[in-house]
Amino acid sequence: MSDASSNVLSPDIVHREMKQNGVTDVVWLPDSETNWLYLLMKADPDLRLVGVSREGHACSIAAGLSAGGRKPIILIQNTGMMESGDSIRGWLMGLDIPVVLMVGYRGYTRHGVNKDTAATYTERFINAFGLQYYLVESDADAPRISIAFKEADRTKRPVVILVADEFHGFNR
Amino acid sequence: MSGGLHRRDLVKELVKGRDKNTLMLSGLGSPCWDLNNAGDVPENFYIWGAMGGAAMIGYGVARAQPDKRVIVLTGDGEMLMGMGAFASIANFPVRNLAIVVLDNGRFGETGGQKTHTSTGVTDLAGIAKASGIATTATITQESEIAKLKELAFKTPGPVVAVAKVQYEKLKFVLPANSGGYLKDRFRNAILGVDRAQM
């Protein structure tokens, strides 16, 4: 992509994808990579947000919301996803929860040399759990968000979207 | 410090107060065996696939089902693993949630090792209160069981009630062990089969 604007992931487009896929609740912990998205969701009166104190709890609440008939999304950072390992296993996978985890990919650099172990282990971690994941770097990748939702619904499993916008968060 | 209450009798007494609008969730280990022993119904959600999340799963259900009363039965070991739950629940409160901690001061499933509540130094109801939970209580005697039922079923939430129970080695009364099955059964019961399958 040569056009500079196409290299950016627009919060509005991500938000629109979430709405199109029926998200009702956002369970989140602050994340430097996706804070821009959080601010947009906070302004949306149709979305119910609940903050947690550790990311494993986001998995627990999402499991409860889903069991109760809502459609949550989890918004966390890759560091927190790794902290949540047993909650992903026991709750999201163990209870067959069809949920999308939108995960800020801290340390991601498309072309540069990785200097952040958070990035080093992110995809290895997801692969260890056998979860499907999609990398979303720019607006051109946004349709992958809907693919992730459909896959979660079809498989009754958690699916990860790695928000790998290297111009936000720690890499800004 | 373990109190004098017998957990199985306590849970049996507690479930007498339920109706179809009462959803009961139990955390890993003894709370699951206690609830199953008291009577298995589809409105029971035994969440024993991992540890530390019962209160938060119950909270999620409570947010999704505001017209139902949601009661979480958990233990001191599990609650100590997830104390941040109190702060999250207090900051985004729901009126239909009660968390009952069956506190025997032990990790019952792993050999009865003492937990941090066993010495009396750590007070889970106090932590819940300091976190901003609207109503908290500690129950130690049989004469307070009626109060516990009132807290669990009637008092506007969020409620955290700690029941000091004895450390007892009791027979396991295991529910089904498929998390997916238990969740689907629970969803069918509260949403109806058609909506549950969406």
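Residues numbered from 1 in each chain as written. Chains lettered and ligands numbered in written order. Predicted model: local features only at pLDDT ≥ 70, side-chain atom pairs only at ≥ 80, totals over all residues. Heavy atoms only, no water.

**Focus on the overall build of chain A**
Per the secondary structure count, chain A includes 7 helices and 6 strands. For chain A, the α and β elements follow one another from N to C terminus as α-β-α-β-α-β-α-α-β-α-β-α-β. For 172 residues, the compact-globule estimate of 2.2 N^0.38 gives 16 Å, and chain A sits close to it at 15 Å. Judged by the C-alpha coordinates and their principal axes, chain A covers about 45 × 35 × 30 Å. With 172 residues in all, chain A has 58% of them scored as buried. Look at the contacts in chain A between residues 6 or more apart in sequence, and 77% of them connect residues 24 or more apart. Distance from the positive charge centre (18 side chains) to the negative charge centre (21 side chains) of chain A: 4 Å. (Helix = DSSP H or I, 4+ residues; strand = E, 2+ residues; numbered from the N terminus. Rg over C-alpha atoms; globule rule 2.2 N^0.38 Å. Buried < 20%, exposed > 50% of the residue type's maximum accessible area, 1.4 Å probe, protein only. Contact = heavy atoms within 4.5 Å. Lys, Arg positive; Asp, Glu negative; His and termini not counted. Charge placed at Lys NZ, Arg CZ, Asp CG, Glu CD.)

**Quick notes on the interface of chain B and chain A**
When the parts of a complex come together, some accessible area is lost, and that lost area is often used as the size of the interface. Each partner contributes to the interface: chain B provides 30 residues, whereas chain A provides 27 residues. A combined buried area of about 2,200 Å² lies between chain B and chain A, and 59% of that area is made up of carbon and sulfur atoms. In this assembly, chain B and chain A are joined by 0 salt bridges. At the boundary of chain B with chain A, the tally comes to 10 residue pairs in polar contact (both at pLDDT 80 or more). (Buried area = accessible area lost by both parts, 1.4 Å probe. Salt bridge = Lys/Arg side-chain N within 4 Å of Asp/Glu carboxyl O. Polar contact = N/O pair within 3.5 Å; in protein donor to acceptor, adjacent residues only side chain to side chain.)

**Here we look at the confidence of the model for chain A**
Per-chain confidence: chain A averages 89 in pLDDT, with 92% of residues scoring 70 or above. Within the model, the stretch residues 1-5 of chain A combines pLDDT values under 50 with 5 contacts to residues more than four positions away or in other chains. (pLDDT = per-residue confidence, 0-100.)

**Examining the sheet that holds strand β4 (residues 97-103) of chain B**
The strands making up a sheet associate through backbone hydrogen bonding, with each pair oriented either parallel or antiparallel. Residue and element names in this part refer to chain B. Here 6 strands make up an open sheet; going across it, the order is β2-β1-β3-β4-β8-β7 and the pairing parallel. Every interior strand has two partners, whereas the edge strands, β2 (44-47) and β7 (135-139), have only one. For this sheet the average axis-to-axis angle between neighbouring strands, irrespective of direction, equals 15 degrees. As judged from the 4 bridges shared by strand β1 (residues 22-27) and β2, these two strands associate in the parallel manner. Bridge pairing in β2 places Met-24 opposite Asn-44. (Pairing = 2+ DSSP bridges. Axes fitted to C-alpha atoms, helices over the stretch in contact; angles between N-to-C directions.)

**Notes on the packing of aromatic side chains**
Enumeration according to the criterion identifies 6 aromatic pairs over all chains in this entry. For the pair Tyr-105 of chain A and Tyr-108 of chain A, a centre-to-centre distance of 5.0 Å together with 40 degrees between the ring planes defines the contact as tilted. We note that Tyr-105 of chain A, like Tyr-108 of chain A, is buried. Arranged with centres 4.8 Å apart and planes meeting at 25 degrees, the rings of Phe-45 of chain B and Phe-186 of chain B form a pair that is stacked. With Phe-45 of chain B in strand β2 and Phe-186 of chain B in helix α8 (residues 179-191), this pair connects stretches of sequence that are 141 residues apart. Each member of the pair, Phe-45 of chain B as well as Phe-186 of chain B, carries the same accessibility label: buried. Among the aromatic side chains, those forming a connected cluster through ring pairs are Trp-33, Trp-48 and Phe-172 of chain B. (Phe/Tyr/Trp six-rings, centres within 6.5 Å; stacked < 30°, edge-to-face > 60°.)

**Observations regarding the pairing of strand β8 (residues 159-164) of chain B**
Residue and element names in this part refer to chain B. The buried count for β8 comes to 6 of 6 residues, which makes it a mostly enclosed element. Residues of β8 alternate between two faces, with Val-159, Ala-161 and Ala-163 on one and Val-160, Val-162 and Lys-164 on the opposite face, all of them buried. Note that β4 and β8 share 6 bridges and pair parallel. Residue pairing across strands places Asp-103 opposite Lys-164, the latter belonging to β8. With helix α7 (residues 145-153) bridging β7 and its parallel neighbour β8, the resulting β-α-β unit is right-handed. (Right-handed = clockwise from strand over helix to strand, strands pointing away.)

**Describing the nonpolar core**
Membership of the largest hydrophobic core comes to 94 residues, with the highest contact counts inside it found for Ile-74 of chain A together with Phe-45, Leu-97 and Ile-99 of chain B. Ignoring anything within four residues of it in the chain, the contact list for Leu-97 of chain B reads Gly-58, Tyr-59, Ala-62, Val-70, Val-72, Ile-89, Gly-157, Pro-158 and Val-159 of chain B. Leu-37, Ile-73, Tyr-134 and Phe-149 of chain A belong to the second largest nonpolar core, which has 25 residues in total. (Core = buried A, V, L, I, M, F, W, Y, C linked by side-chain atoms within 4.5 Å.)

**Section: helix α6 (residues 124-131) of chain B**
Residue and element names in this part refer to chain B. Of the residues making up α6, those classed as buried are Leu-124, Ala-125 and Ala-128. Projected onto a plane normal to the axis of α6, the buried residues spread over an arc of 100 degrees and lie on a single side. For α6, exposure combined with an orientation more than 90 degrees from the buried face picks out Lys-129 and Ala-130. Among the structural elements, α4 (76-81), α5 (84-91), β4, β7 and β8 are those in contact with the buried residues of α6. Its side-chain oxygen 3.2 Å from the backbone nitrogen of Ala-125, Asp-123 forms the N-cap of α6. Looking one or two residues past α6, Gly-132 carries a phi angle of roughly 105 degrees, positive in sign. (Arc of directions from axis to C-beta.)

**What about the side chain of Glu-43 of chain B?**
Note that Glu-43 of chain B resides in the loop between α2 (30-38) and β2. Those residues in contact with Glu-43 of chain B, other than ones at most four positions away along the chain, are Arg-18, Lys-20, Thr-22, Leu-23, Met-24, Phe-186 and Ala-189 of chain B.

**A look at the sheet that holds strand β6 (residues 159-163) of chain A**
All names here are of chain A. Strands sit in the order β2-β1-β3-β4-β6-β5 across an open sheet of 6 strands; the sheet is parallel. This sheet does not close on itself; its edge strands, each paired only once, are β2 (48-51) and β5 (133-136). If you compare each strand with its neighbour and ignore which way they point, the axes differ by 20 degrees on average. Where strand β1 (residues 25-28) meets strand β3 (residues 72-77), 4 bridges bridge the pair, whose relative direction is parallel. What sits directly across from Val-27, in β3, is Ile-74. Helix-sheet contacts for helix α3 (residues 55-67) involve β1, β2 and β3, and the interaxial angle to β3 is about 175 degrees.

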